[in-house]
Each structure stands twice: as C-alpha cells, then as structure tokens.
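Residue-level listing of the chains:
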Amino acid sequence: RLALASLKRREFEAARAYFATAILCTPQSAPLNFRANLRMGLGVTFAQLRQWKEAKLEFQAVLRLAPDMAEAKQYLDQVEAELAETPNKDPRVP
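Attention in this report is confined to the structure presented alongside it.

### Details of the nonpolar core
So, point 1. Membership of the largest hydrophobic core comes to 24 residues, with the highest contact counts inside it found for Phe 19, Phe 59 and Met 69.
So, point 2. When residues of this core are traced back to their parent elements, those giving at least two are α1 (2–8), α2 (12–25), α3 (32–48), α4 (52–65) and α5 (70–85).
So, point 3. The greatest single-element share of this core, amounting to seven residues, is contributed by α3.
So, point 4. Apart from residues lying up to four places away in sequence, Phe 19 is in contact with Ala 3, Leu 4, Leu 7, Leu 38, Gly 41, Leu 42 and Thr 45.

Structural data, given as structure tokens:
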C-alpha cells in the first residue's frame, strides 16, 4: 500500500524503495499475479524516474511472470522507444 500511495503522490524515490523491498520480501511461492504487479509498480516507478534500462528489466520480468499482461507490453514498448532515442553516451565525455 505504501508503494502505491507513494507512486500516486509522485514520490518516486520512496515508491522505488517500497516496491524493491516488497519484491525482496515476497516469497517465490506468492501468486504470480501478485509478484507481477509488484514488478509492474517498480517498472512504472523507474519509468517515471526516466531510468529506462531499469524499467525495461522490470517490464520484462512482469512479462515472464504474466505473459498476457498487455499493460506491461505497452510500457515495455514505450521504454524501448525511449532507449532508442536516448544516446548511449559516456557522461565523462563532453
């Protein structure tokens, strides 16, 4: 609940921490849709933070857990488009 509330309040760093903790504390025996929803929340949070690579990994994890989750596929497509547009520059090079 805290993760979703933080996400809705646009407190993305807090949401990231809550989702990550929830994922780590959730046993593998938990229902797949529950685990997929946690990953989805973390992916959305990463996307809001413009952390595209991390978001991509989370949406891919969602689709491994719940291959029919259309929303995750849509987010993954958007993130991949952002990654394609973002130059892969070394920040140390001017």
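### Considerations on unusual backbone geometry
Glycine aside, residues mostly have negative phi angles, and peptide bonds mostly take the trans form.
So, point 1. One non-glycine residue, Arg 10, lies in the positive phi region at around 65 degrees.
So, point 2. Examined against the element boundaries, Arg 10 turns out to sit in the loop between α1 and α2.
So, point 3. For Arg 10, a relative accessible area of 56% translates into the label exposed.
So, point 4. Of note in this structure, Arg 50 is not a glycine but carries a positive phi near 60 degrees.
So, point 5. With respect to the helices, strands and loops of the structure, Arg 50 is situated in the loop between α3 and α4.

Parameters and conventions
- Residues numbered from 1 in each chain as written.
- Predicted model: local features only at pLDDT ≥ 70, side-chain atom pairs only at ≥ 80, totals over all residues.
- Heavy atoms only, no water.
- Core = buried A, V, L, I, M, F, W, Y, C linked by side-chain atoms within 4.5 Å.
- Buried < 20%, exposed > 50% of the residue type's maximum accessible area, 1.4 Å probe, protein only.
- Helix = DSSP H or I, 4+ residues; strand = E, 2+ residues; numbered from the N terminus.
- Contact = heavy atoms within 4.5 Å.

That is the geometry; function is a separate question.
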